[in-house]
Amino acid sequence: MKIGIAADHGGFFLKQQVKEILEEQGFSVTDFGADELDPQDDYPDLVAPLARAVSVGLVDRGIAVCGSGVGAAIVANKFPRVRAALVTETYSARQGVEHDNMNLICLGGRVIGPELARELIFAFIKAHYTGEIRHQRRLKKLEKIEGQNFK
Ligand code: RB5
């Protein structure tokens, strides 16, 4: 599984820890930046390249970190085929994939620590979309909305 990560200054340190955690486990990680802590950087500039990569299938899953995770989720969901959510507990990290085919998780670097981040990202990465009829039906409705709004 190819995993992309990105963060602004609010998520920079947690992103570095997430990268280490994933690489320790042998995952291929593409880091979309920031490459250094820059208190003046803006989360849309960092999260958009990651979301674009998820949108076009260059990476399978994305992990975006900003201070709260909110801005990252807002940016990521502007991209077609990206299903992103801010997640703070493991139930949603897993169930968001199983039911909603979530492909990008957003974390708050000022909200959670590295151990919770570890649990969240592995719950997210290990989960698979179940493809049950009711979930397919809901995703088709989302795709229809997306088709109407992304031209
Ligand atoms: C940056 O200071 C902060 O506003 C940003 O990382 C994020 O929390 C936005 O949602």
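Keep in mind the model is a prediction, meaning the values are calculated, not measured. (Residues numbered from 1 in each chain as written. Predicted model: local features only at pLDDT ≥ 70, side-chain atom pairs only at ≥ 80, totals over all residues. Heavy atoms only, no water.)

Draft legend 1. Quick look at the pairing of strand E2 (residues 28–31). Here strand E1 (residues 2–7) pairs with E2 via four bridges, running parallel. Paired with Lys 2 across the bridge in E2 is Ser 28. This β-α-β element, E1 to helix H1 (residues 12–24) to E2, shows right-handed connectivity. (Pairing = 2+ DSSP bridges. Helix = DSSP H or I, 4+ residues; strand = E, 2+ residues; numbered from the N terminus. Right-handed = clockwise from strand over helix to strand, strands pointing away.)

Draft legend 2. Structural view of the pattern of salt bridges. Counted according to the given criterion, the structure contains five salt bridges. Residues Asp 31 and Lys 19 are paired through a salt bridge, measuring 3.1 Å at the closest nitrogen-oxygen approach. With Asp 31 in strand E2 and Lys 19 in helix H1, the pair connects residues that are twelve residues apart, well separated along the chain. Residue Arg 134 pairs with Glu 132 through a salt bridge whose shortest N-O separation is 2.6 Å. Classification of Glu 132 as partly exposed rests on a relative accessible area of 35%. Linked through salt bridges whose partners overlap, the residues forming this network are Lys 15, Lys 19 and Asp 31. (Salt bridge = Lys/Arg side-chain N within 4 Å of Asp/Glu carboxyl O. Buried < 20%, exposed > 50% of the residue type's maximum accessible area, 1.4 Å probe, protein only.)

Draft legend 3. Inspection of helix H2 (residues 43–56) at higher detail. With 14 residues, H2 should reach 20 Å at 1.5 Å per residue; the first-to-last C-alpha distance of 20 Å fits that figure. Of all the positions in H2, only Leu 46, Val 47, Ala 48, Leu 50, Ala 51, Ala 53, Val 54 and Ser 55 are classed as buried. If you follow the buried residues of H2, they end up packed against E1, strand E3 (61–66), helix H3 (70–76) and strand E5 (104–108). Immediately beyond the C-terminal end of H2, within one or two residues, lies Gly 57, with a positive phi of roughly 85°. (Expected span 1.5 Å × (residues − 1). Contact = heavy atoms within 4.5 Å.)

Draft legend 4. Representation of the site of the ligand in the model. Around the ligand, the structure places Asp 8, His 9, Tyr 43, Cys 66, Gly 67, Ser 68, Val 70, Gly 71 and Arg 110. In the environment of the ligand, an oxygen atom lies 2.7 Å from a nitrogen or oxygen atom belonging to the backbone of Gly 67. The contact in question runs from an oxygen atom of the ligand to an N or O atom on the backbone of Ser 68, over 3.0 Å. When the ligand sits alone it has 290 Å² of accessible area, and the protein chains cover 72% of it. Considering only residue class, the shell around the ligand consists of three nonpolar, four polar and two charged. (Near = heavy atom within 4 Å. Polar contact = N/O pair within 3.5 Å; in protein donor to acceptor, adjacent residues only side chain to side chain. Areas by Shrake-Rupley, 256 points an atom, 1.4 Å probe, with all protein chains shown as cover. Nonpolar A, V, L, I, M, F, W, Y, C, P; charged D, E, K, R; others polar.)

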